[in-house]
Amino acid sequence: MKRLLPTLLPLLLLTGCASQTVTPADKTAFITISELVAFGYDNPKPPQGQWSKTAYGDGTYEIEYEAETPDEEQKYPLYFDESLSDERTAKDALTYLAGTRGAMNLGLKTQNLTEKALPNQIIYGDGSSLTTLQSGNIVVGNIFSARKKGRTFSLMLVGMAFDNSKDWDDFAGKKVRAWLDGAK
């Protein structure tokens with residue numbers, strides 16, 4: 001059996017998760033680039049987002065939406081990365097968010113970006129965080145995360161920024177609450 005384990009382990013890992021089709025119902029939970037227009041993003045040709053959904057053997061899943069303007073885009077540069085997950089427990093959700101934040105922090109370091117917490121934050125679910133991303137003293141984006149029970153909502157926005165909690169709530173609050181309120 002010990003000789004078979006190295007052969008079986010990769011197969012077990014592969015069978016533990018599967019790509020799934022992102023349904024129209026899944027997409028309604030997400031904030032998309034088209035919703036930035038009401039807040040001043042006026043690119044006549046906004047980037048098209050890409051969707052992915054991964055289901056895990058334990059019944060949990062993650063759905064992601066990512067969009068980015070081409071590197072040569074100078075007037076309307078934008079990066080948008082959003083992730084929603086449904087974990088089994090609150091502890092699993094906290095672990096998921098910690099992993100997501102760790103990956104984001106690595107990316108921030110490579111781009112010389114820093115974070116600054118926004119004052120007077122609105123709390124979503126069991127806990128949330130909203131920061132501005134800064135390049136030197138210039139605000140260039142936001143990072144947001146929220147959790148309620150086993151559900152998480154994460155969003156990184158670069159190229160446009162919200163610098164107060166009220167505007168952020170106008171932009172994201174309805175969708176964040178709807179997703180988190182579906183938590184088990």
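The coordinates are above.
Definitions and limits used
Residues numbered from 1 in each chain as written. Predicted model: local features only at pLDDT ≥ 70, side-chain atom pairs only at ≥ 80, totals over all residues. Heavy atoms only, no water. Salt bridge = Lys/Arg side-chain N within 4 Å of Asp/Glu carboxyl O. Buried < 20%, exposed > 50% of the residue type's maximum accessible area, 1.4 Å probe, protein only. Helix = DSSP H or I, 4+ residues; strand = E, 2+ residues; numbered from the N terminus. Phe/Tyr/Trp six-rings, centres within 6.5 Å; stacked < 30°, edge-to-face > 60°. Lys NZ or Arg CZ within 6 Å of the ring centre and 35° of its normal. Core = buried A, V, L, I, M, F, W, Y, C linked by side-chain atoms within 4.5 Å. Contact = heavy atoms within 4.5 Å. Pairing = 2+ DSSP bridges. Axes fitted to C-alpha atoms, helices over the stretch in contact; angles between N-to-C directions.

A.B. asks: Requested: an account of the pattern of salt bridges, with residues and values cited.
C.D. replies: Across all of its chains, the model carries ten salt bridges by this definition. Between Arg88 and Asp92 there is a salt bridge, with its nearest N and O atoms 3.6 Å apart. Here Arg88 falls in the exposed class, since its relative accessible area comes to 54%. Residues Asp170 and Lys166 are paired through a salt bridge, measuring 2.7 Å at the closest nitrogen-oxygen approach. Note that Asp170 and Lys166 are positioned in helix H4 (residues 165–181) at a spacing of four residues, about one turn of the helix. Three or more residues are tied together by salt bridges with common partners; here these are Asp58, Arg88 and Asp92.

A.B. asks: Explain the packing of aromatic side chains to me, using residue names and the numbers behind them.
C.D. replies: Under the defined criterion, the tally for this structure stands at 13 aromatic pairs. Ring centres of Tyr61 and Trp179 lie 6.4 Å apart, and the angle between their planes is 80°; on these two criteria the pair is classed as edge-to-face. Of this pair, Tyr61 sits in strand E3 (residues 61–68) while Trp179 sits in helix H4, and the two are 118 residues apart along the sequence. Here Tyr61 and Trp179 have matching classes, each one buried. Their ring planes at 70° and their centres at 6.2 Å tell us that Phe144 and Phe153 sit as a pair that is edge-to-face. With respect to burial, Phe144 and Phe153 carry one shared label: buried. Between Lys53 and the ring centre of Tyr61, over which it is positioned, the NZ or CZ distance is 5.1 Å. It is Arg151 that lies over the ring of Trp179; its NZ or CZ is 3.7 Å from the centre.

A.B. asks: If you had to explain the nonpolar core to someone new, which residues and values would you point to?
C.D. replies: If you look at the biggest cluster of nonpolar residues, it comprises 31 residues, and the most contacted ones within it are Leu36, Phe80, Phe144, Phe153, Trp168, Phe171 and Val176. Looking at this core, the elements with two or more residues in it are E3, strand E4 (79–86), strand E7 (138–148), strand E8 (151–158) and H4. Ranked by residues supplied to this core, first place goes to H4 with six residues. For Val176, the residues in contact, after removing those within four places along its chain, are Tyr124, Phe144, Ala146 and Phe153. Membership of the second largest hydrophobic core comes to seven residues, among which are Leu108, Leu133, Ile143 and Met156.

A.B. asks: Outline the sheet that holds strand E2 (residues 50–56), supporting the account with residue identities and numerical values.
C.D. replies: Strand order in this open sheet of eight strands is E1-E2-E3-E4-E8-E7-E6-E5, and the pairing throughout is antiparallel. A single partner strand is all that each edge strand has here, and the edge strands are strand E1 (17–20) and strand E5 (114–117). Averaged over neighbouring strand pairs, the angle between their axes works out to 20° when direction is ignored. As judged from the four bridges shared by E5 and strand E6 (residues 127–135), these two strands associate in the antiparallel manner.

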